[in-house]
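# Fold and geometry: a report
What follows is the residue order along each chain.
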Amino acid sequence: MPLHITNVSRRQFIVSGGVAATSALVANHTPAGEPDKQGSERVIDPDRLALLSDTHIPGRPDVMARGVNMTNNLRQVVGELLALKTCPSGVVINGDCAYLQGLPADYQNLADCIAPLSDAGVPLHLTMGNHDNRGPLYDALANQRPEMPLVESKHVSIVQLPHANFFLLDSLFQVDVVTGELGKPQLKWLVKRLDESSDKPAIIVAHHDPQFMPPDVGQAWGGLRDTAPLFEILKSMKHVKAYIYGHTHNWSIGQHEGIHLINLPPVAYVFASDQPNGWVNLRALPDGLELQLNTIDPADHRNGEKITCAW
């Protein structure tokens, strides 16, 4: 579920899951050209978003997996974001924010990691992945539960930039189960909101990868099991230009029937040794998206590479 966090303290998330879908999310950031709290001039680019995915933050900062300290990686990325001369208008963590089962301690460690972003006034948007868990998060933040969710049991919203609208969807099906699902109510909501927002290119963001072929008999869906109905909707809406996802821990750019597919790298660990981990600096253009890869290893030959998805 998209969680929109502004002014995150080290002990509390501030969560709004009931943002009016036709309104831009209000960012409590330092205006362009004004000094931040440290006295440095910060320039906000309203057409930029920093895209992170698969942070897998554990309850203790010393926990490692696959030879990687996930907490250190996220702290590094936060530091890089704060050091940018041209800052994004927001940061998106696209699911699997927590390590495995979305435990309360995981989210507390996550809050500690991202607190410097809040201190700098950078809005943060989270979506839920299969390793996240609504229950523990809301147990800790019961007073932040939306009274009127836009979609029952799913929390959805739209982030509006000058040149594109980003639809943040909720693909969590069951905690610690690899399969993703949007569900009919969320798809119905998406159709309505896309119809009402056809004046700009639409970018769809969800944690799970599209899985166009069903699994073999007896096998679980590894990606989004309602990929087919989702893409029937997206193909019918000519202003839908891209689908952004994580989940596979794989950095790749492709297309499916004219829709750009952008698979974000993980901030945490990779599944294949030839894949980078890191984050993506996205800029929405009048006729496309510019994507810059920023790798955890600064010596990686792909660090800083730029790819344009044009339309």
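This text goes with the structure placed above it.
The rules behind these values
- As a convention, each chain's residues are numbered from 1 in the sequence order in which they are written.
- With the structure being a predicted model, the display of local features is reserved for residues of pLDDT at least 70 and the display and counting of side-chain atom pairs for 80 or more, all residues being used for whole-chain, interface and lining totals.
- Only heavy atoms go into the side-chain values, all of them from the structure, while hydrogens and water stay out.
- Between 30 and 60 degrees the pair is tilted, below 30 it is stacked and above 60 it is edge-to-face, where a pair is any two Phe, Tyr or Trp rings, Trp via its six-membered ring, whose centres lie within 6.5 Å.
- The secondary structure listing takes helices from DSSP runs of H or I that are at least 4 residues long and strands from runs of E that are at least 2 residues long, numbered from the N terminus.
- For each residue, the accessible area found with a 1.4 Å probe, counting protein chains only, is set against the maximum for its type, and the residue is called buried under 20%, exposed over 50%, and partly exposed in between.
- When the NZ atom of lysine or the CZ atom of arginine is within 6 Å of a ring's centre and also within 35 degrees of its normal, the charge is said to sit over that ring.
- Put simply, a nonpolar core is a bunch of buried Ala, Val, Leu, Ile, Met, Phe, Trp, Tyr and Cys residues held in one set by side-chain atoms that sit within 4.5 Å of each other.
- The contact rule is simple, with two residues in contact once any of their heavy atoms fall within 4.5 Å.

## A closer look at the packing of aromatic side chains
Overall, the coordinates contain four aromatic pairs when judged by the stated rule. A ring pair is formed by Phe212 and Phe231, whose centres lie 5.0 Å apart and whose planes are at 75 degrees; its orientation type is edge-to-face. Placement of the pair is Phe212 in the loop between β12 (202–205) and α5 (227–236) and Phe231 in helix α5, with a sequence separation of 19 residues. For Phe212, a relative accessible area of 36% puts it in the partly exposed group. Taking NZ or CZ as reference, Arg225 lies 4.2 Å from the ring centre of Phe173, over its face.

## Topic: the nonpolar core
Membership of the largest hydrophobic core comes to 32 residues, with the highest contact counts inside it found for Leu52, Met70, Leu74, Leu81, Val91 and Leu110. Of all elements in the fold, only β4 (48–52), α1 (70–83), β8 (91–94), α2 (104–119) and β9 (124–127) reach the threshold of two or more residues within this core. Filtering out sequence-adjacent residues up to four positions away, Met70 remains in contact with Thr55, His56, Ile57, Pro58, Val63, Met64, Ala65, Tyr99, Ala268 and Tyr269. If you look at the next biggest cluster of nonpolar residues, it comprises 23 residues, including Ile158, Leu182, Tyr245 and Ile259.

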